[in-house]
Amino acid sequence: MSQEHASCKDLIEVVMDYLDGDLDAETLEELEAHLDTCHNCETLVGTLRKTILLSRQAMGAGNLPADVRQRLFASLDLGEYCGDESREP
Amino acid sequence: MNDEQFSLEALRAGDRAEFARLVEALSPAVYRLALKIVSDPLDAEDVLQETFLKAMKALPQFEGRSSLSTWVHRIAVNEALMHLRRRTDALQVDSGEDGADDEETAQMPVQLVDWCCLPEKELVSSEARARLDEAIGRLSPALRAVFLLRDVEGLSISETAEALRIGESAVKVRLMRARLRLREELTGYFSGQMEKLK
């Protein structure tokens, strides 16, 4: 991964745990010290973080289409609970 | 969503109003997940309906060992993967699923361009979104399901493992591969955008 740090490729799993907030204090400190000096790893972490954020923004929101919602409630025999949201805007 | 919002007792007893509240709360996430796994709105709607029909039938036996949300996600993923299997069986195409991705060599990052500094409007443009959609669509079902549950829907590693009935280490391996592949694809696209803006 990096010309300067031959061991960077060994850090990928640690980077994933770092993104998941799943590192113990000692490993966290070591990784952050490494990121301060290794531009490639810093770029990798930044772009991975942004990839996750963009995916969540693009796909992690949005309501059910009204017609799909209406058919869902009907299929479950819950039509009486479908309410006003089932109407098209 | 947390389970405290719902009365498990009422759900187990077949309280229809309480079940309707559960459907209301979880159906958008189930539909998004199904749509991204099966890539077809009609199939995704089938998955959505089948998921809640199965949940309704199984609720009296739900023991609460996982959260309701994780449990419903598990049903949804199983339904979606079954749809994919049926489709690939019908086409007589090898699905190349689950195990294959675990045996692949992890893809090392190749492109190390820092595109985080691009203007927000470039990062969230409809073209960028389409590239991301395509890249997620190219992931194998096994990688896609893990990525969608963990990184898009925000389940924890253990909840994702529970939903997919695989070990946490398998979740971590698949998640790493999915993230690296998507990052690589976005880096290819955003590097080009950076060149255009120079």
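Parameters and conventions
- Residues numbered from 1 in each chain as written.
- Chains lettered and ligands numbered in written order.
- Predicted model: local features only at pLDDT ≥ 70, side-chain atom pairs only at ≥ 80, totals over all residues.
- Heavy atoms only, no water.
- Helix = DSSP H or I, 4+ residues; strand = E, 2+ residues; numbered from the N terminus.
- Buried < 20%, exposed > 50% of the residue type's maximum accessible area, 1.4 Å probe, protein only.
- pLDDT = per-residue confidence, 0-100.
- Contact = heavy atoms within 4.5 Å.
- Buried area = accessible area lost by both parts, 1.4 Å probe.
- Salt bridge = Lys/Arg side-chain N within 4 Å of Asp/Glu carboxyl O.
- Polar contact = N/O pair within 3.5 Å; in protein donor to acceptor, adjacent residues only side chain to side chain.
- Nonpolar A, V, L, I, M, F, W, Y, C, P; charged D, E, K, R; others polar.
- Domains from an automatic or database assignment.

All names here are of chain B. One can find methionine 176 in helix α10 (residues 168-197). We classify methionine 176 as buried; its relative accessible area is 8%. Here the alpha-carbon distance between methionine 176 and valine 47, two residues 129 residues apart in the chain, equals 27 Å.

On to the confidence of the model for chain B. Atomic detail in the predicted coordinates should be set aside for any region of low pLDDT. All names here are of chain B. On average, residues of chain B score 87 in pLDDT, and 88% of them are at 70 or above. Of all secondary-structure elements in chain B, the lowest mean pLDDT belongs to helix α5 (residues 99-103), at 47, while helix α3 (residues 41-58) reaches the highest, 96. Segment residues 92-100 is flagged for pLDDT under 50; beyond a separation of four residues in sequence, or across chains, it makes five contacts in the model.

This part is about unusual backbone geometry. Unlike most non-glycine residues, aspartate 77 of chain A shows phi in positive territory, near 55 degrees. For aspartate 77 of chain A, the position within the fold is in the segment after α4 (66-75). Residue class for aspartate 77 of chain A comes out exposed when judged on its relative accessible area of 56%. In the Ramachandran plot, arginine 165 of chain B falls in the positive-phi region, its phi being about 55 degrees despite a non-glycine side chain. Residue position: arginine 165 of chain B is located in the loop between α9 (157-164) and α10. On the accessibility criterion, arginine 165 of chain B (63% relative accessible area) is exposed.

To continue, consider the interface of chain A and chain B. Contact with chain A, which involves 41 residues of that partner, is made by 47 residues of chain B. Between chain A and chain B lies a buried interface of about 3900 Å² when both sides are counted; carbon and sulfur atoms form 67% of it. It is Asp20, Met59 and Leu76 of chain A in chain A that bury the most area against chain B; as a group they hold 16% of the surface buried on that side. Seen at the junction of chain A and chain B, the total is seven salt bridges. Arginine 16 of chain B is the partner of glutamate 80 of chain A in a salt bridge, and the nearest nitrogen-oxygen pair spans 3.1 Å. Here chain A is connected to chain B by 12 residue pairs in polar contact (both at pLDDT 80 or more). It is helix α3 (residues 39-59) of chain A that provides the largest number of residues to the side of chain A that touches chain B, a total of 15 residues. Partitioned by chemical class, the residues of the side of chain A that touches chain B number 19 nonpolar, 10 polar and 12 charged.

This part takes up the domain arrangement of chain B. Accessible area lost during the coming together of the parts is what is often quoted as the interface size. Residues and elements named next belong to chain B. If you check the domain split of chain B, you get domain 1 (3-88) and domain 2 (102-197). Once you take the C-alpha centre of each, domain 1 and domain 2 turn out to be 25 Å apart. The contact between domain 1 and domain 2 buries some 1300 Å² in all, and 61% of this surface belongs to carbon and sulfur atoms. By the criterion of area lost to domain 2, the three top residues of domain 1 are Lys36, Thr70 and Arg74, representing 44% of everything that side buries. Our count for the contact surface shared by domain 1 and domain 2 stands at three salt bridges. Note that arginine 74 and glutamate 162 form a salt bridge whose closest N and O atoms lie 2.3 Å from each other. Of all the secondary structure elements, the ones that give two or more residues to the side of domain 1 that touches domain 2 are α2 (16-38) and α4 (68-91). With six residues, α4 is the largest single contributor of residues to the side of domain 1 that touches domain 2. Grouping the constituent residues of the side of domain 1 that touches domain 2 by class yields six nonpolar, five polar and three charged.

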